[in-house]
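If you want the building blocks of each chain, they are given just below.
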Amino acid sequence: MLIFGDHAWVPFTYSLQARYLVDYDPRLGYGALGGILLTNCVGYMIFRGANGQKDAFRRNPDQPCVSHLSYLQTKRGTKLLTSGWWGKARKINYTGDWIMGLSWCLVCGLDSIVPYFYAIYFAILLIHRSVRDDHMCQTKYGSDWEEYKKIVPYRFIPGVV
């Protein structure tokens, strides 16, 4: 099944916007294109910032760029970040990734939902993955995970979800 997905599903979904643009010109102005570029950059900043922060903290929590971050010490001996990017939402990196994907769809304009298939599919995939991750973390960390969810109550968007 994985081979089918890699050879059929991924190329179809990742190239859908380009295929759409071959036949339909959304005639976006410079302002719209600038807004889309800004959207992509914000998504990239969130995605890379969050993942880079987590990686730096895992490698050496005493480095100056991450030593100020607060964390929850778990009974397993690991640390769950409760400030910085990871204090805003438990899956903030997924949010950045999805925003980038949405920006790739926005280039196609708003005349059809077809180019937005990727953003819709990706949102469903990320939501499902986050539910699975939450269940695995609950099993892995037990009561520490419940405490972590009280400290970082939002899953994707700070203050919303």
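Scroll up to find the structure this text is about.
Note that the structure is a prediction, hence the values are computed from the model and not measured.

## Digging into the environment of Ile157
(1) Moving on: On the secondary structure map, Ile157 appears in the segment after helix H6 (143–151).
(2) Moving on: For Ile157, a relative accessible area of 40% gives the class partly exposed.
(3) Moving on: Distance from Ile157 to Lys91, taken between C-alpha atoms, is 8.5 Å for residues 66 residues apart in sequence.
(4) Moving on: Among residues more than four places away in sequence, those in contact with Ile157 are Ala89 and Thr95.

## With respect to the packing of aromatic side chains
Describing an aromatic ring pair means giving the distance of the ring centres and the angle of the ring planes.
(1) Moving on: What the rule picks out here adds up to 11 aromatic pairs.
(2) Moving on: Arranged with centres 5.5 Å apart and planes meeting at 85 degrees, the rings of Tyr14 and Tyr118 form a pair that is edge-to-face. Remark: Tyr118 occurs in helix H5 (residues 117–141) and Tyr14 occurs in helix H1 (residues 2–23); sequence separation between them is 104 residues.
(3) Moving on: A relative accessible area of 6% means that Tyr118 is categorised as buried.
(4) Moving on: When the centroid spacing of 5.3 Å and the interplanar angle of 20 degrees are considered together, the rings of Tyr118 and Phe122 count as stacked. With Tyr118 and Phe122 both in helix H5 and 4 residues apart, the pair spans about one turn of that helix.

## Here's the deal with the pattern of salt bridges
(1) Moving on: By the definition in use, this model includes 6 salt bridges.
(2) Moving on: Here Asp23 and Arg19 are joined by a salt bridge, their closest N and O atoms 2.9 Å apart. Of this pair, Asp23 and Arg19 both sit in helix H1, separated by 4 residues, roughly a single helical turn.
(3) Moving on: Here Arg19 falls in the partly exposed class, since its relative accessible area comes to 49%.
(4) Moving on: The salt bridge involving Arg59 is made with Asp55; its shortest N-O contact spans 2.8 Å. With Arg59 and Asp55 both in helix H2 (residues 30–59) and 4 residues apart, the pair spans about one turn of that helix.

Thresholds applied
- Residues numbered from 1 in each chain as written.
- Predicted model: local features only at pLDDT ≥ 70, side-chain atom pairs only at ≥ 80, totals over all residues.
- Heavy atoms only, no water.
- Helix = DSSP H or I, 4+ residues; strand = E, 2+ residues; numbered from the N terminus.
- Buried < 20%, exposed > 50% of the residue type's maximum accessible area, 1.4 Å probe, protein only.
- Contact = heavy atoms within 4.5 Å.
- Phe/Tyr/Trp six-rings, centres within 6.5 Å; stacked < 30°, edge-to-face > 60°.
- Salt bridge = Lys/Arg side-chain N within 4 Å of Asp/Glu carboxyl O.

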